[in-house]
Amino acid sequence: MPKVDRRVAKTQEAIKKAILELMNEKNFDDITIQDISDRANVNRSTVYLHYLDKYDLLEKMMEEHINQLKETDEWACQEEWIDATQIFFEYFEKHFLFFSTMLASKGAAPSFRSKFLEYVMDGFKDELQKTNGKNEGLSDDVVVKFAANAYVGVLESWLKDGMLSPPKTIARELGILLERIL
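Description of the structure in this document. Owing to the predicted nature of the structure, the values given are computational and were not obtained by experimental measurement.

### Quick look at the environment of Gly153
Topologically, Gly153 is positioned in helix H8 (residues 140-160). Each C-alpha atom, one on Gly153 and one on Trp75, is 24 Å from the other, the two residues being 78 residues apart in sequence.

### Quick look at helix H1 (residues 6-25)
End to end, H1 covers 29 Å across 20 residues, agreeing with the expected 28 Å (1.5 Å per residue, within 8%). Buried within H1 we find Ile15, Lys16, Ala18, Ile19, Leu20, Leu22 and Met23. Its side-chain oxygen 2.7 Å from the backbone nitrogen of Arg7, Asp5 forms the N-cap of H1.

### Describing the packing of aromatic side chains
Across all of its chains, the model carries 16 aromatic pairs by this definition. Look at Phe98 and Phe112: their rings are 5.1 Å apart centre to centre, the planes differ by 80°, and that puts the pair in the edge-to-face class. Here the residue Phe98 occupies a position in helix H6 (residues 96-104), and Phe112 occupies one in helix H7 (residues 109-128), the gap between them amounting to 14 residues. Accessibility assignment for this pair places Phe98 and Phe112 in one class, buried.

Scoring rules and cut-offs
Residues numbered from 1 in each chain as written. Predicted model: local features only at pLDDT ≥ 70, side-chain atom pairs only at ≥ 80, totals over all residues. Heavy atoms only, no water. Helix = DSSP H or I, 4+ residues; strand = E, 2+ residues; numbered from the N terminus. Expected span 1.5 Å × (residues − 1). Buried < 20%, exposed > 50% of the residue type's maximum accessible area, 1.4 Å probe, protein only. Polar contact = N/O pair within 3.5 Å; in protein donor to acceptor, adjacent residues only side chain to side chain. Phe/Tyr/Trp six-rings, centres within 6.5 Å; stacked < 30°, edge-to-face > 60°.

In short, shape yes, function no, at least from these values alone.
Written out as structure tokens, the structure is:
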């Protein structure tokens, strides 16, 4: 993968931060490219140089985080539930603005919640195969949906409450519960 110029990366980060901040202030549909460029302190043409429109910007941000989480899956999911969950919650903490905005805001954010939930369910489907009959007699689909919705719900609450407990604490509790289910 070619190295990205630091100035380009810095500009893209400013644009991404700007749209997230604006989404916390007003409805996504009311945000304009001018609003984003003003907040990011760049020209409108600079925003268009990197993104087709605000929907493309939002879509690329969602893809970027889902892809990053998938890369993390490759090594984190080899850990025990508590340790793996802590790795992910540290990632969520590091990217608080993105996840808190995307899981809490109205407008365009529900599409992220759906994609994120699908990503979590896919990961749990793989784990379900290792349960050694712990969920015998239960529908795999129901178990996966239950676990994934519980995971996302806990994450949403944790973010909404301002991450009152550190990732290690929430990961321990959630990890124990997931281990019981999956």
